[in-house]
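Observations on chain architecture
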Amino acid sequence: MSDVNAEISAVDHITNDQALLQIKDLHVWYELKRFGFGHAGYVRAVDNVRFVLEQGEAIACVGESGCGKSSLMKTILGLNIPTKGDVIFDNTSLSQTKGEDLRRYRSKIGYIQQDPFGALPPFMNVQSILEEPMIINGIKDKQERRRRIEKILEEVKLTPIEQVLPKFPHMLSGGQQQRVVIARAMIMEPKLLVADEPVSMLDASVRVEILRLLRKLQEEHHLAVLYITHDLSTVRYFSEYIFVMYAGQIVEFARMEDLLDNPKHPYTLALLEASSDPNADNALVQREIPKGEPPSLVNPPKGCRFHPRCPYMMEGICDVLEPPNIEVTPKHLVACWLYDEEKGHAI
Amino acid sequence: MKGILSGLRQLRQYPTAIIGLIVIVILMIVAIVTPIVLPYNQAVKMWRGGEAVWRYYPRNASPAWTNWFRSTDLAGTVIIDSAKGDVEPVIEPISADTREARFSFEFDFPYDTFPPEIILFSSAAYKDKQPFVELTWITPDGREIRAGEFSSGASTSVRFDQDTRLQRRLERETGIKGISVIKGLFDDPNKEGVQVLQGTYRLDATALLFEPESSLDLAFVSYGKVYGIAGTDHQRRDLTIALLWGTPIAMAFGLLAALLTTFTTMGIAAFGVWIGGWVDAVIQRITEVNSIIPLLPILIMVGTLYSRSVWLMLGLVILLSIFGLGIKNYRAIFLQVKESPYIDAARAYGASDMRIIFRYLIPRILPLVIPAIVILVPSYVFLEASLAVLGLGDPFVPTWGKLINDANTQGALFSGYYYWILQPAALLMIAGLAFAMVGFALDRVFNPRLREL
Ligand SMILES: Nc1ncnc2c1ncn2[C@@H]1O[C@H](COP(=O)(O)OP(=O)(O)O)[C@@H](O)[C@H]1O
Ligand SMILES: [Mg+2]
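A closer look at the packing of helix α8 (residues 174–186) of chain A against helix α9 (residues 204–221) of chain A
All names here are of chain A.
- Look at α8 against α9: their axes get within 10 Å of each other, and the N-to-C directions meet at 15°. Taken together, α8 and α9 sit at an angle that is classed as roughly parallel. Our pair here, α8 against α9, has a crossing hand that is right-handed. Between α8, through Gly175, Gln178, Arg179, Ile182 and Met186, and α9, the contact on the second element is made entirely by Val206, Glu209, Ile210, Leu213, Leu214, Leu217 and His221.

Description of the pattern of salt bridges
- Per the counting criterion, the structure on display carries 36 salt bridges over all chains.
- In this structure, A:Glu132 and B:Arg359 form a salt bridge, with 2.9 Å as the shortest nitrogen-oxygen distance. Highlighted residues: A:Glu132 in helix α5 (residues 126–136) and B:Arg359 in helix α13 (residues 353–392), drawn from two different chains.
- For A:Glu132, a relative accessible area of 1% gives the class buried.
- The salt bridge involving B:Glu173 is made with B:Arg143; its shortest N-O contact spans 3.1 Å.

A closer look at the packing of aromatic side chains
Residue and element names in this part refer to chain B.
- Summed over the entire model, instances satisfying the criterion amount to 29 aromatic pairs over all chains.
- Look at Tyr40 and Trp245: their rings are 5.6 Å apart centre to centre, the planes differ by 65°, and that puts the pair in the edge-to-face class. Here Trp245 lies in helix α7 (residues 239–275) and Tyr40 lies in helix α3 (residues 40–47), a separation of 205 residues in the sequence.
- Taking the relative accessible area as the measure of exposure, Tyr40 reaches 30% and is therefore partly exposed.
- Given a relative accessible area of 5%, Trp245 falls into the buried group.
- Here the aromatic cluster, defined as three or more aromatic residues joined through ring pairs, consists of Phe103, Phe105, Phe107, Phe109, Tyr111, Trp137, Phe186, Tyr201 and Phe220.

Some words on the side chain of A:Glu131
- Here A:Glu131 is to be found in helix α5.
- When residues no more than four places from it in sequence are discounted, the contact partners of A:Glu131 are A:Arg145 and A:Ile149.

A word on the layout of surface pockets
- The volume enclosed by the second largest pocket comes to roughly 800 Å³.
- Looking at the second largest pocket, it is lined by 22 residues, and the ones nearest its centre are A:Leu79, A:Asn80, B:Trp274, B:Lys338 and B:Arg347.
- Of all the secondary-structure elements, those providing two or more residues to the lining of the second largest pocket are β1 (21–34) and α3 (99–107) of chain A together with α7, α12 (341–348) and α13 of chain B.
- Residue composition of the lining of the second largest pocket, grouped by class: eight nonpolar, three polar and eleven charged.

Here's the deal with the interface of chain A and chain B
- The partner chain B presents 17 residues to the 23 residues of chain A that form the contact.
- Interface area, chain A with chain B, both sides summed: about 1900 Å², of which 59% is carbon and sulfur.
- Joining chain A to chain B, the criterion identifies three salt bridges.
- Where chain A touches chain B, the interface holds nine residue pairs in polar contact (both at pLDDT 80 or more).
- The set of elements that each furnish at least two residues to the side of chain A that touches chain B consists of α3, β6 (109–112), α4 (116–119) and α5 of chain A.
- Counting residues per element, the side of chain A that touches chain B draws most heavily on α5(A), at four residues.
- Each residue belonging to the side of chain A that touches chain B can be placed in one class, and the counts come to 14 nonpolar, four polar and five charged.

Remarks on the sheet that holds strand β1 (residues 78–81) of chain B
All names here are of chain B.
- As summarised here, the arrangement of the four strands in space is β1-β9-β4-β7, forming an open sheet in which the pairing is antiparallel. Of all strands in the sheet, those with a lone pairing partner are β1 and β7 (156–159), marking the two edges. Strand-to-strand twist in this sheet, taken as the mean axis angle between neighbours without regard to direction, amounts to 15°.
- Summarising the sheet, strand β4 (residues 117–125) and β7 pair through four bridges and their orientation is antiparallel. In the sheet register, Phe121 faces β7, and the bridge partner there is Ser157.

Some thoughts on the nonpolar core
- Residues A:Leu153, A:Ile182, A:Tyr227, A:Val235, B:Phe334, B:Tyr360 and B:Leu361 are the most contacted members of the largest nonpolar core, which totals 153 residues.
- Ignoring sequence-local partners within four residues, the contact set of A:Val235 consists of A:Ala60, A:Val62, A:Tyr227, A:Thr229, A:Ile242, A:Met256 and A:Leu260.

Thoughts on the site of ligand 1
Residues and elements named next belong to chain A.
- Around ligand 1 sit Tyr30, Val43, Ala45, Glu64, Ser65, Gly66, Cys67, Gly68, Lys69, Ser70, Ser71 and Leu297, and that is every residue in its neighbourhood.
- At 3.3 Å from an oxygen atom of ligand 1 is found a main-chain nitrogen or oxygen belonging to Cys67.
- Residue Ser70 places a side-chain N or O atom 2.6 Å away from an oxygen atom belonging to ligand 1.
- Protein chains shield 59% of the accessible area of ligand 1, which is 560 Å² for the free molecule.
- For the shell around ligand 1, the secondary-structure elements that each account for two or more residues are β2 (38–53) and α2 (69–76).
- Looking at the shell around ligand 1, its residues break down into five nonpolar, five polar and two charged.

What about the domain arrangement of chain B?
- Per the domain assignment, the segments making up chain B are domain 1 (2–47 + 238–452) and domain 2 (64–223).
- For domain 1 of chain B versus domain 2 of chain B, the separation of C-alpha centres amounts to 52 Å.

Observations concerning the sheet that holds strand β5 (residues 132–138) of chain B
All names here are of chain B.
- The five strands are arranged β2-β3-β8-β5-β6 in an open sheet whose pairing can be described as antiparallel. Each edge of the open sheet carries a strand with a single partner, namely β2 (90–93) and β6 (144–151). Taken over all neighbouring pairs, the strand axes of this sheet differ in orientation by 20° on average, direction set aside.
- Note: strand β3 (residues 99–109) against strand β8 (residues 199–209), eleven bridges, orientation antiparallel. Pairing of Ala101 across the sheet is with Ala207, part of β8.

Focus: helix α11 (residues 266–274) of chain A
- Within the sequence span of α11(A), burial applies to A:Pro266, A:Tyr267, A:Thr268, A:Ala270, A:Leu271 and A:Ala274.
- Packing partners of the buried residues in α11(A) comprise β3 (58–62), β9 (241–246), β10 (249–255) and α10 (256–261) of chain A.

Considerations on the environment of A:Ala119
- With respect to the secondary-structure elements, A:Ala119 resides in helix α4.
- Judged by its relative accessible area of 0%, A:Ala119 falls in the buried class.
- Discounting residues that sit within four places of it in the chain, A:Ala119 has contacts with A:Gln113, A:Val181, A:Arg184, B:Pro341, B:Tyr342 and B:Ala345.

Rules used in this analysis
- Residues numbered from 1 in each chain as written.
- Chains lettered and ligands numbered in written order.
- Predicted model: local features only at pLDDT ≥ 70, side-chain atom pairs only at ≥ 80, totals over all residues.
- Heavy atoms only, no water.
- Axes fitted to C-alpha atoms, helices over the stretch in contact; angles between N-to-C directions.
- Helix = DSSP H or I, 4+ residues; strand = E, 2+ residues; numbered from the N terminus.
- Parallel < 35°, antiparallel > 145°, perpendicular 65-115°, else oblique.
- Left-handed = near helix turned anticlockwise from the far one by under 90°.
- Contact = heavy atoms within 4.5 Å.
- Salt bridge = Lys/Arg side-chain N within 4 Å of Asp/Glu carboxyl O.
- Buried < 20%, exposed > 50% of the residue type's maximum accessible area, 1.4 Å probe, protein only.
- Phe/Tyr/Trp six-rings, centres within 6.5 Å; stacked < 30°, edge-to-face > 60°.
- 1 Å grid on protein atoms, 1.4 Å probe; cavity = no way out; pocket = protein on both sides within 12 Å on 5 of 7 lines; lining within 4 Å.
- Points joined across faces, edges and corners; volume = space filled by probe spheres on them.
- Nonpolar A, V, L, I, M, F, W, Y, C, P; charged D, E, K, R; others polar.
- Buried area = accessible area lost by both parts, 1.4 Å probe.
- Polar contact = N/O pair within 3.5 Å; in protein donor to acceptor, adjacent residues only side chain to side chain.
- Pairing = 2+ DSSP bridges.
- Core = buried A, V, L, I, M, F, W, Y, C linked by side-chain atoms within 4.5 Å.
- Near = heavy atom within 4 Å.
- Areas by Shrake-Rupley, 256 points an atom, 1.4 Å probe, with all protein chains shown as cover.
- Domains from an automatic or database assignment.

Written out as structure tokens, the structure reads:
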């Protein structure tokens, strides 16, 4: 691995000591227990991931279900403890932060979840839901809380406010629920927003609206946004950069247009073929992801983790050695032996 | 909270729940009003007072309303006490020192059976010379019978029954040999045999007070076989007191035990689930050990060896139920709730562990718990009664269970004093049913899947 590190440190979107969010060689492993106590290995949900995110920038993370996207995001939020490596957000190192400081760290990142109904406590009305983060983070002044609630509900277009505030989550539509979730994520005026598949559980008709809203908030507040999705069709609305995750690792990293127009990794190619447009009528068309099962994260395949499913697999190389990160064009990195100058051959 | 209120509103659809609620409200009102009208200390003092407090009351009298169901009405109880102002004596001076005080005890006697006993209680204040009293019995048909005379001490009771001269006089009057005094006084001379003459009777007591400072109070009591709303027990005590005071005790015991055990159990389960690790494991093990410790034998042991205070029992019940098997149920639910995305969200905006437990975990399962609490109340009410029936009732406080226990040890059922057991038993059952009906309806409202069953 160390040879790879040297290579990529040259690229500013992989490491940058000034950036708002820095993910440094992050490993998130879940311990598997046998009979509740014996050790039985690890689920390597995030395995040696690194990237940075600047203030005001959006980055998308794409991958199949179970590839570790949520684990990565929960670690950034400070909900998981990094097994190895570190997350540095706003000059705070997550691995050094504990107790009260950890709670403060968490409250500075906005969190938008996948299932808006599940993300809202069913026994609180909108007013309580929006007040909770402020009460917890010591905004004691009622007027100030009221002012913030009015402002943010205006921004997420949940009006008239007086009608929305007393409502309970089940009285709202899916789109409205997600707007409440977004409002709650924004109410502490965070610098970073983490959105975990924010539209995947919504009706196709409201997906674009919600994505536009997120984009608008990002631009107006100069937010850093990490947008996670398993659906490539929704990323175009969003981000400058995008990376593709497979089995806990980043396999390709590029500017958005670069990756969508010029995909390099065989897995990215397969994902793009399978994707659909979010506002098209074919939202119901089943998306075919490459044949075969995603690999086990407990015993990942040797060499390249994609090789058992890869149509271009080179025997003796891909199934033996882990691929390096190769910068095929400027700021376009791919972890695939096909692009190696000696061993590879272009597709 | 709004959800809970709207759930309560839905209760209207269940007539049983409405009946139950009305009963609970009535019980609550009784439970609140009783201690105000008759404070705890006073009630305890009265209940333990014995004959001194209760001497005007009949022994083992049924409730007065039982006469409605009888073809021959049992004698009612008549208490006329000049000390309470029931009668005012007419006082006339006779000489410089001597006064005459005339008491006139008049009462209706519409019953079919003779009273078991008649006593005139007399209490006088004097220096050297005791006041002298002469008695005349006037029947509804206007016959006047000399009913004896006595000198009143500080506390004298005149038992008509034991006056042999009066007895002989009445034998002559009625023409029946060997008639007892009481039967003679109430007998209808125009009817065959011994039968009650119904109507208005009067006992005139003419007292001579020989000293200017002396005074006299007389209380006439015709003991009945029925008394009051609830009847009396073997110690002449009015059962109303125990029935009334049993209500706050039962409600307090049932509600406090149900609320405190449920909420502590739920809190502990939530705490264990949220903190996890060894804390959870320890809680689990304590629960398992505690579940094989039997509650009732421990209560009996403490009751026999240490103290039978109802409040100590309440504390013990709560203590031993805190780590009840309920923890396992709540734990199973909390393990699910813990995985909800909204809990992750709360952690993400910095909620502390305690806030998550109390603001996010517990409120989620309140709808499940509220019916459970209501259904739990009667089981604790019955537990207190069971303890009392087993002879482990609080020695001071009158409760429903203790009435049943008293009745049982006095052989009430063998002697036909059904009211003594049936009244507290009925109250226990009514209270239990009311809470059960409301609880089951609440369960249907809050846990709608039950509705289909
Ligand atoms: N708390 C956990 N304990 C053990 N394994 C977990 C845990 N959370 C997630 N995993 C596993 O980690 C892998 C990655 O999950 P996740 O990060 O949720 O992926 P994604 O969000 O991309 O679907 C999955 O195999 C999942 O089963
Ligand atoms: Mg996920």
